[in-house]
Amino acid sequence: MALTESRPLELTTGSEVVDSPLGAFVRPQGSTGWRSWVTTVDHKKIGIMYGATAMVFFAIGGLEALLIRLQLAQPNGQVLSLEAYNQAFTLHGTTMVFFVIMPLLAAFANYLIPLMIGARDVAFPRLNALSYWIFLAAGLFVYSGVVLGEIADNGWFNYAPNSGLTYSPGHGIDFWVLGLQIAGIASLIGAVNLIVTCLNMRAPGMTLMRMPIFVWMSLVAQFLLLFAIPVITVALFLLMFDRLYGSNFFNVEAGADPLLWQHLFWIFGHPEVYILILPAFGIISEVIPVFARKPLFGYPFMVFSGVAIGFMGWGVWAHHMFASGIGPVSVAAFSLSTMFIAVPTGVKIFNWIGTLWKGNLKFSVPMLFAVGVVSQFTIGGLSGVTHAVAPADTQQTDTYYIVAHFHYVLFGGSMFGIFAGIYFWWPKAFGRFLSESIGKWHFWIMFAGFNLTFAPMHILGLQGQPRRTGTYPEGMGWDIMNLLSTAGSFLIALSFLVWVFNVVRSRTNVTNDPDPWDGRTLEWGTSSPPPAHNFDVEPTASHLDEWWHRKYDEDENGRPVRRESYETFAQPGFDASTIHLPSPSYWPILLAFSLPLISYGLIYSLWFAAVGGVLMIVAMYGWGLEPSVDPDAGHGGHGDDHHDDHPTPDPTDEVSSMSEVGAAPVPGA
Amino acid sequence: MTVTDQSHDPDSPTAVIDRAPHREDGPLDGHATSTGLSNEKLAMWVFLGSECLLFGGLISTFLLLRSRDVPDRVGPEVSELYDIPFTSVSSFVLLMSSLTMVLALAAIQRGDQQRLRTWLVTTALLGATFMAGQVYEFTAFVREGLGFTTNLQSSAFFVLTGFHGAHVTIGIVMLMSLSVMSARGSLTRQRSETVEIAGLYWHFVDVVWIIIFTVVYLIR
């Protein structure tokens, strides 16, 4: 078989050819240089790549938002044509949901979950790399449509039949449909991987109810992804078949039900909003106890309210459709369920307040952002409850009130939570501090800009300004509020630049302190940045907040007393060569980039698809035949003691070589 | 035919799955996994959970579109064209492939590579027979004037059964890959779980077909 022949193919990049019997490509080695990033399977590097890529998309999505706000700053705006305006808000919504917040939360989940549960890596390191590259391929694919001038213009939920060929000719919607389809594959693979990691890779003693709350909230969000992604996959397939192959799913002339898309989309779409917020809840639930110097108030309540949100999130989707005529019984039922889902969310807000209550509060930058989430998300949550009141919702539907609401939960909640996490874990991930003083400028400018942008939208919406409408005439009484909102959006942009400046400045702000905030969870017990194998000493857990309990005893009054000495997971001079980590691989990136090729093929010419299909098959078999730990890798210590069970490791025998790190690919995957 | 005998075989899929041995070597440098299930098997279960929603969405779509009352419908109704005896036979063939899949797993657990390959190839052939039946059915429908684009029902029918067929085809590729691995000697007895995981997928695809056959063909 060509893939296993002994002579490797030379890479066009001029990489050094080393004889390797295992694959068409030389097995990449080494941990520095661009190649180590392209081929990495290390969950920490993948997490950083997720975060960096998503921040680039955040800047792009922010520029689109500025265009929207410039157009609306004054009556009869002339900045964009109406067509370009539609494209701008479609791209803005799609980018921010699928290519910013979801991957940023994936960045945190990838980086932190293995560290927090005391594992060396995720369950399937190569699949983890695959999810990242597929996500990147999806983002590049959608934006390649922008370069080609094929831009969707139908809003982020892209209602059919308006998105059918009749009303949306051209390929813009096709790029959107196929791009999201690809992004969905990335999310699905990531969900399977992280669920198995959370359930199966926990350190000894790390029971489910000792898992850090961020891991819990991410686990719930991954389950939501697992079940929500296939539903939008169905919707996207049906729309794709309609547009490319002439089927009739959304063809109203043939008798189709125009509500089919809305139902499928929102059965995905409502769990999706919890996918976007629950991990951010987890982040601030880690940050607040550290800066209040108290354990999280009511940890089991926090866990079960998160799980309750996960279940109830499936029973509220039709509140997005109150104006579509679904009938009084449905409206009443979904009104009730929507009101009920406010209960577990309220539980969380009270628990954060309970954690802050009588705490020894220190308002460092992560804490400022976390408290920002608590206050702003409460506003967004309350305006959300008003949508549960169907008569009021019928009035608010498709006005700026809705835009105000979901920005308060997604920006005021998710993005502020993400920035809390970025400031909090930056010293852990990079061994460098983001500056506190610049960070405070960042927070206050963003806080002011955010509220200035979105608070006026409540009023605009109640005054009747419709969303997704590119101009408005003079004399509607909307002028001042729109101008304020536009000014606020530029403040947000300024705060982002302050953050970028802070990141650049952090290069010189080196810290060797592995535990600068006096943290509570396992990741603070290893060095900063953590070594590739995460822990020199394998962690065990006997408490919730295990790391805190290693540092502190209680005196007779129950007050914490810091111990004289305690064991960390980092040991100077530790010989890492005895630890077998999964080896880097070229196959994930090659497999990932076969998907956009196939998608171009579906849109333009099947020749692209043929090339993509061949690449995909080659990559899958190359992957399958490549052991996930390279026997030639210079780990040393690869002696017989590790192969007692498998005295004759076969080059193609993944599982035997896998067993040392517990990270095997799914057979055939 | 000995339908009843075989369906009461003690080697029913669930029985074998339950008593299959767990892999001894776990995730963290030799420790057992937290749940006791191997990562690969847990991943397959989790993935199949996701697949339930995929087929759930497709079946719901079919039911919704079938129930639409379209006065000026083009072409025949799908239900006018069903050949229930023919589809029953091909459904039976697919069900029997679950039995041979179980026999393949039992063979590798005994270390019987010869039988393993026999049953894997048999399973793949039964799956291929089912697929041949689907191809025949599709061409028959098109000949009767019911193409993919003819009307609402036809689009929903072809997409639903086509998605299932694609899953069967992927399963056949998996089975053939396992046979090749066995022939090359890399599918050892210690790795019997690989066969078990492929079996989970195969049984799932069978179960989905039982639902599709009932809901789409039998219940009008």
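Residues numbered from 1 in each chain as written. Chains lettered and ligands numbered in written order. Predicted model: local features only at pLDDT ≥ 70, side-chain atom pairs only at ≥ 80, totals over all residues.

**Concerning the overall build of chain B**
- Each helix and strand in chain B was counted, giving 8 helices and 0 strands.
- A total of 220 residues make up chain B; the buried ones form 42% of that total.
- Taking contacts inside chain B between residues at least 6 apart in sequence as the whole, the part at least 24 apart equals 80%. (Helix = DSSP H or I, 4+ residues; strand = E, 2+ residues; numbered from the N terminus. Buried ≥ 20, exposed ≤ 12 C-beta atoms within 10 Å, placed from the backbone. Contact = placed C-beta atoms within 7 Å.)

**Observations concerning the overall build of chain A**
- Across its full length, chain A carries 18 helices and 2 strands.
- Every one of the 669 residues in chain A was classed for burial, and the buried ones make up 55%.
- A separation threshold of at least 6 residues defines the contact pool for chain A, and within that pool the share at least 24 residues apart is 81%.

**Section: unusual backbone geometry**
Residue and element names in this part refer to chain A.
- Residue A160 is joined to P161 through a cis peptide bond whose omega torsion reads 5 degrees.
- Mapped onto the secondary structure, P161 falls in the loop between helix 4 (125–147) and helix 5 (172–200).
- Following S528, the chain continues to P529 via a peptide bond in cis, the omega torsion being -10 degrees.
- Residue placement: P529 occurs in the loop between helix 14 (479–505) and helix 15 (546–551).
- The backbone of N76 sits at a positive phi, close to 55 degrees, despite the residue not being glycine.
- Here N76 shows up in the loop between helix 2 (43–72) and helix 3 (82–117).
- Within the chain, N534 stands out as a residue other than glycine whose phi angle is a positive 75 degrees.
- Of note, N534 is situated in the loop between helix 14 and helix 15.

**Structural notes on the packing of helix 5 of chain A against helix 6 (residues 213–245) of chain A**
Residues and elements named next belong to chain A.
- The contact between helix 5 and helix 6 brings their axes to 8 Å, and the two run at 150 degrees. Our classification of the angle between helix 5 and helix 6 gives roughly antiparallel. Helix-helix and strand crossings are classified by hand; for helix 5 and helix 6 the assignment is left-handed.
- For the contact of helix 5 with helix 6, the per-class residue count stands at 20 nonpolar, 6 polar and 2 charged. (Axes fitted to C-alpha atoms, helices over the stretch in contact; angles between N-to-C directions. Parallel < 35°, antiparallel > 145°, perpendicular 65-115°, else oblique. Left-handed = near helix turned anticlockwise from the far one by under 90°. Nonpolar A, V, L, I, M, F, W, Y, C, P; charged D, E, K, R; others polar.)

**Section: the confidence of the model for chain B**
Residues and elements named next belong to chain B.
- On average, residues of chain B score 86 in pLDDT, and 86% of them reach the 70 mark or higher.
- Helix 6 (residues 113–143) holds the highest mean pLDDT among the elements of chain B, 97, whereas helix 2 (residues 13–19) holds the lowest, 35.
- With pTM at 0.89, the complex prediction returns an ipTM value of 0.88. (pLDDT = per-residue confidence, 0-100.)

**Let's talk about the environment of I117 of chain A**
All names here are of chain A.
- Looking at the secondary structure, you find I117 in helix 3.
- The exposure class assigned to I117 is buried, which follows from the 25 C-beta atoms found within 10 Å.
- Distance from I117 to P588, taken between C-alpha atoms, is 25 Å for residues 471 residues apart in sequence.
- Once residues within four sequence positions are removed from consideration, I117 is found in contact with C198, M201, R202, A203, M206, M211 and V215.

**A word on helix 12 (residues 400–430) of chain A**
- Taken as a whole, helix 12 of chain A carries its principal kink of about 40 degrees at F424 of chain A; the proline P427 of chain A stands between one and four residues after it.
- In terms of residue burial, helix 12 of chain A counts as a mostly covered element, since 29 of its 31 residues are buried. (Bend = angle between axes of the 7 residues up to and from the residue.)

**Section: the packing of helix 2 of chain A against helix 3 of chain A**
Residue and element names in this part refer to chain A.
- Closest axis-to-axis distance for the helix 2/helix 3 pair is 7 Å, and the angle between their directions is 155 degrees. On the basis of their axis angle, the class for helix 2 and helix 3 is roughly antiparallel. Regarding helix 2 and helix 3, the two cross each other, and that crossing is left-handed.

**Comments concerning the confidence of the model for chain A**
Residue and element names in this part refer to chain A.
- Per-residue confidence for chain A gives a mean pLDDT of 89; residues scoring 70 or more make up 89%.
- Long-range and interchain partners of residues 1–24, a stretch whose pLDDT sits below 50, account for 33 contacts in this model, where long-range means more than four residues apart.
- Low pLDDT, under 50, characterises residues 634–669; the predicted model gives this stretch 75 contacts beyond four residues in sequence or across chains.

**Topic: helix 4 of chain A**
- Taking 1.5 Å as the rise per residue, helix 4 of chain A with 23 residues should run 33 Å; its terminal C-alpha atoms sit 33 Å apart, in good agreement.
- With respect to burial, helix 4 of chain A is a largely interior element, 18 of its 23 residues being buried. (Expected span 1.5 Å × (residues − 1).)

**Remarks on the environment of L606 of chain A**
Residue and element names in this part refer to chain A.
- Assignment of secondary structure puts L606 in helix 17 (residues 606–625).
- Among the residues examined, L606 registers 13 C-beta atoms within 10 Å and is labelled partly exposed.
- Taking C-alpha positions, L606 is 40 Å from Q71, a pair spaced 535 residues apart along the chain.

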